[in-house]
Amino acid sequence: MAQPRYPWVQPTQRSKAQAPTVDTHPMAKVFCIANQKGGVGKTTTTVNLAAGLARVGQRVLVVDLDPQGNATMGSGIDKRAMPLSVYDVLLESSGIVEARQRSEAGSYDVLGANRELAGAEVELVALDHRNERLRRALATAAQEAAGAYDFVLIDCPPSLSLLTLNGLCSAHGVIVPMQCEYFALEGLSDLVNTIKQVHANLNRDLQIIGLLRVMFDPRITLQQQVSEQLKSHFGDKVFNAVIPRNVRLAEAPSYGQPGVVFDPASKGAQAYVEFARELVERVGSLQFGA
């Protein structure tokens, strides 16, 4: 039997037929924003989608699983001043309800990250249920704060680490932001294979919700060609919304605000609000937990 490409992706003392499923979360639909390639706009998508969902009346929790803490800072929360973070939640010294903070700028809640999270992977290796720490915390939060959220968005680091795996094991689905470039297609193939492995071994609910084209410049012929290839190969898994390359989205984090809040009239902000509406509509037509 072929060995999994990634050593973390192993069923934990269960046979393949007994792979666990995500607990039913009355609080939300849980989505990872993931791509193994760096610099593709995962954090920008996470915070602006959260703010966009808030704009259309949805209640959102952002979980920052990247030790850089960019989603935390981009939401207007000082990662250096947090009394509790996702690190404490993963080590089960705190719960999500206690550790979450409010992003006043974005009108959503944040389970923040900071440098402490970089050491969590080393500590998690020796612990039981290391892949399921976040899933269990979300299930507990669903009981403690039932109905508090419509969506949980998990910002994953650009690698298949124990942190990313915790996100994938917690999620109902994956949203994949990607640039319309050749190397992005190569990385997408690896990500799809990873999702298949996690689905088979660890989380039967996991599915690809959709591919989001970001940093798109219609003047570049290659990007148009790659966009058409994506639509041809993945069909309705490609979101209709397209996020253009936009300087206002890039400027917003330095002001501690999502671009949707920083300049609501910008093309990038409007595109993310439109994407939020499309996601709400798509989620209504999907089946989870099958």
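Residues numbered from 1 in each chain as written. Predicted model: local features only at pLDDT ≥ 70, side-chain atom pairs only at ≥ 80, totals over all residues. Heavy atoms only, no water.

Participant: When you look at the sheet that holds strand β8 (residues 238-244) in this model, what are you seeing that I'm missing?
Facilitator: Adjacent strands of a sheet form backbone hydrogen bonds with each other and so pair up, either parallel or antiparallel. The eight strands are arranged β3-β4-β2-β5-β1-β6-β7-β8 in an open sheet whose pairing can be described as mixed. On the outer flanks of this sheet lie β3 (101-103) and β8, each paired with one strand and no other. On average, each strand axis in the sheet is inclined to that of its neighbour by 25°, with strand direction left out of account. Sheet topology note: the strand β6 (residues 173-178)/strand β7 (residues 207-216) ladder contains six bridges and is parallel. Note that in β7 the partner of Val 174 across the bridge is Ile 208. (Pairing = 2+ DSSP bridges. Helix = DSSP H or I, 4+ residues; strand = E, 2+ residues; numbered from the N terminus. Axes fitted to C-alpha atoms, helices over the stretch in contact; angles between N-to-C directions.)

Participant: Help me understand the pattern of salt bridges in this model?
Facilitator: Oppositely charged side chains can form a pair if their charged atoms are brought close together. As enumerated under the stated definition, the model contains twelve salt bridges in all. With a closest N to O distance of 3.6 Å, Asp 78 and Arg 80 form a salt bridge. Its salt-bridge partner being Glu 92, residue Arg 133 comes within 3.7 Å of it at the nearest N-O pair. Note that Arg 133 is positioned in helix α6 (residues 133-144) and Glu 92 in the loop between α3 (86-90) and α4 (96-99), a separation of 41 residues in sequence. (Salt bridge = Lys/Arg side-chain N within 4 Å of Asp/Glu carboxyl O.)

Participant: How do you make sense of helix α8 (residues 182-201) when you look at a structure like this?
Facilitator: Note that an α-helix has 3.6 residues per turn; residues three or four places apart therefore point the same way. Along its 20 residues, α8 runs 30 Å from first to last C-alpha, staying within 8% of the 28 Å computed at 1.5 Å per residue. Every buried residue of α8 is accounted for by Ala 184, Gly 187, Leu 188, Leu 191, Val 192, Thr 194, Ile 195, Gln 197, Val 198, Ala 200 and Asn 201. On the buried face of α8, the contacting elements are α7 (162-170), β6, β7 and α9 (221-234). (Expected span 1.5 Å × (residues − 1). Buried < 20%, exposed > 50% of the residue type's maximum accessible area, 1.4 Å probe, protein only. Contact = heavy atoms within 4.5 Å.)

Participant: Would you take a moment to explain the side chain of Ser 75 for this structure?
Facilitator: By the element assignment, Ser 75 lies in the loop between α2 (70-74) and α3. Of note is the side chain of Ser 75, whose polar atom sits 2.6 Å from the side chain of Tyr 108. In this structure, Ser 75 is in contact with Val 47, Ser 103, Ala 105, Tyr 108, Val 110 and Gly 256, ignoring residues within four places of it in sequence. (Polar contact = N/O pair within 3.5 Å; in protein donor to acceptor, adjacent residues only side chain to side chain.)

Participant: I'm lost on the pairing of β8 in this one. Help?
Facilitator: Sheet faces and side chains relate simply in a regular strand, where the side chains alternate between the two faces. Of the pairings in the sheet, the one linking β7 to β8 comprises three bridges and is parallel in character. Looking at the pairing, Arg 213 lines up with Val 242 of β8. Handedness of the crossover joining β7 and β8 through α9: right-handed. (Right-handed = clockwise from strand over helix to strand, strands pointing away.)

Participant: Sorry if this is basic, but what is going on with the nonpolar core here?
Facilitator: If you look at soluble globular proteins, the nonpolar side chains tend to sit buried side by side. Within the largest apolar cluster, 51 residues are counted, with the highest numbers of intra-cluster contacts made by Val 63 and Ile 154. With six residues, the top contributor of residues to this core is α8. Apart from residues no more than four positions distant in its own chain, Ile 154 is found in contact with Val 30, Phe 31, Cys 32, Ile 33, Val 63, Leu 65, Leu 134, Gly 167 and Ser 170. Counting 33 residues, the second largest nonpolar core, distinct from the first, contains Ile 175, Val 214, Ala 271 and Ala 276. (Core = buried A, V, L, I, M, F, W, Y, C linked by side-chain atoms within 4.5 Å.)

Participant: Can you walk me through unusual backbone geometry in this structure?
Facilitator: Of note, the phi angle at Glu 92 is positive, near 60°, even though the residue is not glycine. Take Glu 92: its relative accessible area is 45%, and that puts it in the partly exposed class. Even without a glycine there, the phi angle at His 129 is positive, about 55°. Structurally, the position occupied by His 129 is in the loop between α5 (120-125) and α6. Note on His 129: relative accessible area 38%, which makes it partly exposed.

Participant: When you look at the state of the cysteines in this model, what are you seeing that I'm missing?
Facilitator: Defined simply, a disulfide is a covalent bond joining two cysteines at their sulfur atoms. Applying the stated criterion across every chain, the model contains zero disulfides. Summary of cysteine pairing: Cys 169 is not part of a disulfide, and the nearest cysteine sulfur, belonging to Cys 32, is at 9.0 Å. Given the relative accessible area of 3%, Cys 169 is considered buried. (Disulfide = S-S within 2.5 Å.)

Participant: Explain helix α12 (residues 267-285) to me, please; I cannot follow it from the model alone.
Facilitator: An ideal rise of 1.5 Å per residue puts 27 Å on 19 residues; α12 measures up with 27 Å between its terminal C-alpha atoms. Among all positions in α12, only Gly 268, Ala 269, Ala 271, Tyr 272, Val 273, Phe 275, Ala 276, Glu 278, Leu 279, Arg 282 and Val 283 are buried.

Participant: Explain the packing of α8 against α9 here, please?
Facilitator: The axes of two packed helices give the description: the angle between them and the distance between them. Where α8 contacts α9, the axes come no closer than 10 Å and their chain directions differ by 25°. As judged from the angle between their axes, α8 and α9 are roughly parallel. You can see that α8 and α9 cross each other, and the crossing is right-handed. Here α8 contributes Tyr 182, Leu 185 and Leu 188 to the contact with α9, which in turn contributes Val 226, Gln 229, Leu 230 and Phe 234. Residues that form the contact of α8 with α9 fall into these classes: six nonpolar, one polar and no charged. (Parallel < 35°, antiparallel > 145°, perpendicular 65-115°, else oblique. Left-handed = near helix turned anticlockwise from the far one by under 90°. Nonpolar A, V, L, I, M, F, W, Y, C, P; charged D, E, K, R; others polar.)

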